[in-house]
Amino acid sequence: MTDSHSVLPLDQRVILVTGASKGIGRAMVYGFAEAGATVIMLARNEEALNHIHDDLVAKKLPQPVIVQFDLEHAPEEAYFQLRDMINEEFGRLDGLLLNASLLGQRTPLSNYNWQTWNRVMNINVNSTFLLARTLLPVMEQSPADASILMTSSSVGRKSKAYWGAYAVSKFATEGLMQTMAEELENTSNVRVNSINPGGTRTDMRAEAYPAEDPATVKSPEDLVARYIYLMSAESKGINGQALDI
Ligand code: NDP
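Conventions we followed
- Residues numbered from 1 in each chain as written.
- Predicted model: local features only at pLDDT ≥ 70, side-chain atom pairs only at ≥ 80, totals over all residues.
- Heavy atoms only, no water.
- UniProt positions renumbered as here; feature names shortened; annotations may be inferred.
- Helix = DSSP H or I, 4+ residues; strand = E, 2+ residues; numbered from the N terminus.
- Buried < 20%, exposed > 50% of the residue type's maximum accessible area, 1.4 Å probe, protein only.
- Contact = heavy atoms within 4.5 Å.
- Pairing = 2+ DSSP bridges.
- Axes fitted to C-alpha atoms, helices over the stretch in contact; angles between N-to-C directions.
- Right-handed = clockwise from strand over helix to strand, strands pointing away.

By the naming in an unreviewed UniProt entry, the chain goes by Short chain dehydrogenase and is assigned to Bermanella marisrubri. Of the comments in the UniProt record for the chain, the one headed Sequence similarities (unreviewed entry) reads "Belongs to the short-chain dehydrogenases/reductases (SDR) family."

Moving on: the environment of A100. Looking at where A100 falls in the secondary structure, it is placed in the loop between β4 (95-98) and α4 (114-139). For A100, a relative accessible area of 16% puts it in the buried group. Once residues within four sequence positions are removed from consideration, A100 is found in contact with T18, G19, L71, I123 and N124.

Within the open sheet, the seven strands sit side by side as β3-β2-β1-β4-β5-β6-β7. Their pairing is parallel. Looking at the sheet topology across the chains shown, the edges are occupied by β3 (65-68) and β7 (242-244). Averaged over all pairs of adjacent strands, the angle between their axes in this sheet comes to 20°, without regard to strand direction. As judged from the six bridges shared by strand β5 (residues 146-151) and strand β6 (residues 190-196), these two strands associate in the parallel manner. Bridging from a neighbouring strand, M150 pairs with S194 of β6. Along the sheet, helix α2 (residues 46-58) contacts β2 (38-43) and β3; its crossing angle with β3, the most-contacted strand, is approximately 175°.

The next subject is the pairing of β5. Across the six residues that make up β5, a large majority, six, are buried. Here β5 shows a buried face lined by A146, I148 and M150 and a second buried face lined by S147, L149 and T151. Examined bridge by bridge, β4 and β5 share four bridges and lie parallel to one another. Residue pairing for β5: L97 is matched across the bridge by L149. Running through α4, the crossover from β4 to the neighbouring parallel element β5 is right-handed. Handedness of the crossover is the feature at issue here: the chain leaves β5, passes through helix α5 (residues 164-184), returns alongside β6, and the resulting connection is right-handed.

Right, here's the structure in full:
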């Protein structure tokens, strides 16, 4: 419980969360809002986003912004429009949680479907690049420090058989993070890191491990404190790191 004089860790911050409609992203929308941030929620499922929006407003938390956006099919122009909307509405962006992903097939590479490969790469890698590149100038307008957090996985650091495009996309995410972090080191107020949330009770986890008892896996809410830390001024100076929970 905070008293009226204590400043919340994400007070005044504007943070965009992809994959905000469910799972880890949804938990972060609540966590960030409770920590004082105005959250821009991006996903396809507008009904789910509307529900979260109304719930946050009912709880008297900062009113979030809904961005219905398809990371698989959106043209580059849509990313510029998103940048312009954030610029006009806020004039700044302090946090970017690149969390949306597609699991794709769990099958040998020799059997991997080309269309699925491209879907996974579009959502997990290409949209991550497009968002980070296009929104960087708005993040550099942040009056404080700004944080880009890309979402990795254990198979993005040491791959395993049958994880296909998903594992390769997470290696690419690590490469994107390292490249961008080194380019911004010492020249920008923006830091870039990746996080592996580890096994977490979501639809994606259930799809990857259908025989697992969900009760044995941590909940998305268990991750909130770590993600808030990585979005807050407290983690200023951490750049280019592949982080775990
Ligand atoms: P979920 O499958 O539960 O949620 C995925 C989110 O991504 C949804 O909000 C979905 O929204 C969004 N999304 C998917 N496709 C698109 C698209 N085309 N356009 C826009 N949004 C899209 O995943 P998790 O919460 O489990 O995973 C979150 C992140 O954590 C991912 O990057 C995942 O790889 C990573 N991770 C998860 C682990 C786990 O155990 N859960 C372990 C290791 C890493 P909508 O359908 O509304 O578009």
